[in-house]
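Residue-level listing of the chains:
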Amino acid sequence: MKVDLIPPAEGQYNLKNYDEAYANFNWADVEKQFSWYETGKVNIAYEAIDRHLQTERRDKIALLYSDATRDERYTFAQLSELSNKFGNVLRSLGIVKGDRVFVFMPRSPELYVSVLGALKIGAIVGPLFEAFMEAAVRDRLEDSEAVAIVTTPALLPRIPVKDLPALKHIILVGATNELQKGQISYEEAMASASSELEIEWVDREDGMLLHYTSGSTGKPKGVLHVHNAMIQHYQTGKWVLDLQEDDIYWCTADPGWVTGTSYGIFAPWLNGATNVVRGGRFKPEEWYDTIQKYKVTVWYSAPTSFRMLMGAGDEIVKRYDLSSLRHVLSVGEPLNPEVVYWGMRAFNQRIHDTWWMTETGGQLICNYKCMAIKPGSMGKPFPGIYAAILDDQGNELPPNRMGNLAIRTGWPSMMRKIWRNPAKYEEYFRFPGWYVSGDSAYKDEDGYFWFQGRIDDVINTSGERVGPFEVESKLMEHPAVAEAGVIGKPDPVRGEIIKAFISLRAGYEPSEELMEDIRKFVKEGFAAHAAPREIEFRDKLPKTRSGKIMRRVLKAWELGLPTGDLSTMED
Ligand code: 6R9
């Protein structure tokens, strides 16, 4: 297969020579950037915000926020003051270091202030997508034994308070009704809180963030990150995002996704960059308008969004001035070469793919400004990262052989545990010295990595990981559903869509109406993005003898491929 090579663009980059940096890099040198290099005590929110107050960045814009009704800007000094206040609000409720505090609301300045304030008092922050319905919220708050949640009145009905004995405080942003027991008005509490806060200096290995992510079996896993991750957030912000002093940076991800925290909060602010947050839903015109309005220079988004923009047509692009853009990046799914070519045509920029996971906490395999891009490849390992392709026994494979994408353990932002599930954590490290990603890939003779797929069954729809098991469990709650098997079906726009195979209980007949009702049931009872777009009724589903639904068989049927080994399938 012929592969194009897109040469680096002109300009000044922070990382000038990849090979040289890779050969000489040492994480320990990065630590010297931070105040805690000498004291040993640390707080990521301090390093991201307050540290800049002693420099010329004090009155620099840290946050440019807008949505349909708001248009606001905050300096580093203002964010420092507001997050101090929120830290005091939490402290006055008795919340202490290590407590889990969740944020469950649409993007808004209050969301970012809440995250920073909670981190400043040493709490562990759990961000949730606003799209989560009751069951998804319950699973996460229950597993983490969260003590407080910051939310809005509209989302309040989805928090099953009576099932959550650990949950003591609900902080409501924009409350208008009378408050119930345990509820606090964000605005009232902030108005009377002091803006002087004694930051909780924590150990670099203390918990910072708890991101729940889906596996192929069981409930969602709580991936714990620690303050030490800042080393990686900072350095990848410098070399991969290429953040420079005058940049206006826009990461389109919601903090419910790890991209929206690592690269929507920490990387930009640790580097003192101006960070754009756009609230509301995706609309091509609004997105282009955001770039034009703020003169965005560095833009980090996902293939599903780029594909939707591409689908909206080049005519729209011409209506906006996108000439401020100097660096564009992507994460979450494979970036189709077609999209890379579109980016060059539409706004004269290479789109730089980056590969990483919730569990890795930060970018690991990337395309860099100073390096030639092979469209379709995720790029090369970040300096300090050793990536390899392993066979199923843990041996490194030579170039051009597909296998398990694995990383040598020990990078700064690696997860430190799976909450209350040490066995799950150990599964990632089944080959001594390696983190096994669960992705399959190969490395070519030039050292570029090429993504092939997930080894397990996790579905990636529009950049969001959906565990089939969670969707199946929800489907099974519907009175008509006897059994359900859920797979990801390739889709040109969303990467994959969710397809459910369902066998019905006696007394129910397949119909369009029933299909719609089941779809609605998942949408309203679990999460809109997890509702199957396609449903197929079957008399029986393929299962193992122990009763597990064999999704790989469903997938093979769907794609018309051989079903492989069926020895474990029930008769
Ligand atoms: C940051 C993030 C991780 C999974 C990962 C892989 C897929 C991410 C990718 C990519 C191909 C890329 N993925 N980046 N696949 N090319 N550049 O996405 O975290 O939501 O945990 O998903 O996403 O399958 O294992 P997360």
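Residues numbered from 1 in each chain as written. Predicted model: local features only at pLDDT ≥ 70, side-chain atom pairs only at ≥ 80, totals over all residues. Heavy atoms only, no water.

Focus on the overall build of the chain
The condition that has to hold: In DSSP terms, a helix is any run of H or I states spanning at least four residues, a strand is any run of E spanning at least two, and both are numbered starting from the N terminus. Burial status follows relative accessibility: with a 1.4 Å probe on protein chains alone, a residue under 20% of its type maximum counts as buried, one over 50% as exposed, and anything between as partly exposed. Contact between two residues is taken to exist if any of their heavy atoms lie within 4.5 Å; hydrogens are not considered. Under the convention used here, a 1.4 Å probe and the Shrake-Rupley method define accessible areas, while residue burial counts only the protein chains that appear.
Per the secondary structure count, the chain includes 18 helices and 28 strands. Once the C-alpha set of the chain is aligned to its principal axes, its extents read approximately 70 × 60 × 55 Å. Burial status across the chain gives 60% buried among its 571 residues. Sequence separation of at least 24 residues holds for 68% of the intrachain contacts in the chain that already meet a minimum separation of 6. Counting only carbon and sulfur atoms, one obtains 49% of the accessible surface of the chain, whose full area is about 23400 Å².

Focus: the pairing of strand β14 (residues 298–301)
Spelled out, the test is: The pairing criterion for strands is at least two bridges between them, as found by DSSP.
The two faces of β14 match: Val298 and Tyr300 on one face and Trp299 and Ser301 on the other face are all buried. Looking at chain direction, strand β12 (residues 248–251) and β14 are connected through three bridges and run parallel. Paired with Tyr249 across the bridge in β14 is Val298. Across four bridges, β14 lies against strand β15 (residues 327–331) in parallel orientation. Residue Ser301 lies in a different strand from β15, and its bridge partner there is Ser330.

Let's talk about the site of the ligand
Quick note on the threshold: Proximity criterion: a residue is near a molecule or strand once any of its heavy atoms comes within 4 Å of it. Pairing of N or O atoms within 3.5 Å defines a polar contact, subject to two protein rules: one partner must be a possible hydrogen donor and the other a possible acceptor, and residues neighboring in sequence count only if both atoms are side-chain atoms.
For the ligand, the set of nearby residues contains 18 residues, the closest of which are Thr354, Thr358, Asp439, Arg454 and Arg465. Note that a nitrogen atom of the ligand is positioned 3.2 Å from one of the backbone N or O atoms of Glu333. Look at the ligand: alone it shows 540 Å² of surface, and the protein chains cover 99% of it. Tallying contributions element by element places strand β16 (residues 351–355) first for the shell around the ligand, with three residues.

Let's talk about the sheet that holds strand β20 (residues 403–408)
Threshold: The axes are straight lines fitted to the C-alpha atoms, using for helices just the contacting stretch, and the angles between their N-to-C directions are given from 0 to 180°.
Reading across the sheet, the four strands line up as β19-β20-β22-β23 and stay open at both edges, with antiparallel pairing between neighbours. The sheet is open, and its two edges are formed by β19 (387–390) and β23 (449–454), each paired on a single side. Averaged over all pairs of adjacent strands, the angle between their axes in this sheet comes to 50 degrees, without regard to strand direction. With five bridges connecting them, strand β22 (residues 434–443) and β23 associate as antiparallel partners. Each bridged residue has a counterpart across the sheet, and for Asp439 the counterpart in β23 is Arg454.

Observations regarding the packing of helix α9 (residues 230–239) against helix α10 (residues 258–270)
How two helices pack is summed up by the angle between their axes together with the distance between the axes. Put simply, the rule is: These descriptions rest on fixed angle ranges, namely under 35 degrees for roughly parallel, over 145 for roughly antiparallel, 65 to 115 for roughly perpendicular, and the rest for oblique. Gly counts as polar in this scheme, as do all residues outside two lists: the nonpolar Ala, Val, Leu, Ile, Met, Phe, Trp, Tyr, Cys and Pro, and the charged Asp, Glu, Lys and Arg.
The N-to-C vectors of α9 and α10 enclose an angle of 75 degrees; their axes lie 8 Å apart at closest approach. Judged by the angle between their axes, α9 and α10 are roughly perpendicular. The residues of α10 that touch α9, namely those facing Met230, His233, Tyr234, Thr236 and Gly237, are Ser262, Tyr263, Phe266, Ala267 and Leu270. Split into classes, the residues belonging to the contact of α9 with α10 amount to six nonpolar, four polar and no charged.

Things to note about the pattern of salt bridges
Note the following rule: By convention in these notes, a salt bridge is any Lys or Arg side-chain nitrogen within 4 Å of a carboxyl oxygen on Asp or Glu.
Tallied over the full model, the rule gives 37 salt bridges. Here Glu47 ties to Arg51 by a salt bridge, and the two come within 3.1 Å at their closest N and O atoms. On the accessibility criterion, Glu47 (0% relative accessible area) is buried. The partner of Asp71 in a salt bridge is Lys293, and the shortest N-O contact between them spans 2.9 Å. One end of the pair, Asp71, is in strand β3 (residues 71–75); the other, Lys293, is in helix α11 (residues 284–294), with 222 residues separating them in the sequence. Lys293 gets classed as partly exposed once you look at its relative accessible area, which sits at 39%. Ionic contacts of the salt-bridge type, sharing partners, join the residues Lys489, Lys499, Glu534, Glu536, Arg538 and Glu558 into one network.

Structural notes on the sheet that holds β3
If you walk across this open sheet you meet the nine strands as β3-β2-β13-β12-β14-β15-β16-β17-β18, and the pairing is mixed. Where the open sheet ends on each side, the last strands, each with one partner, are β3 and β18 (380–381).

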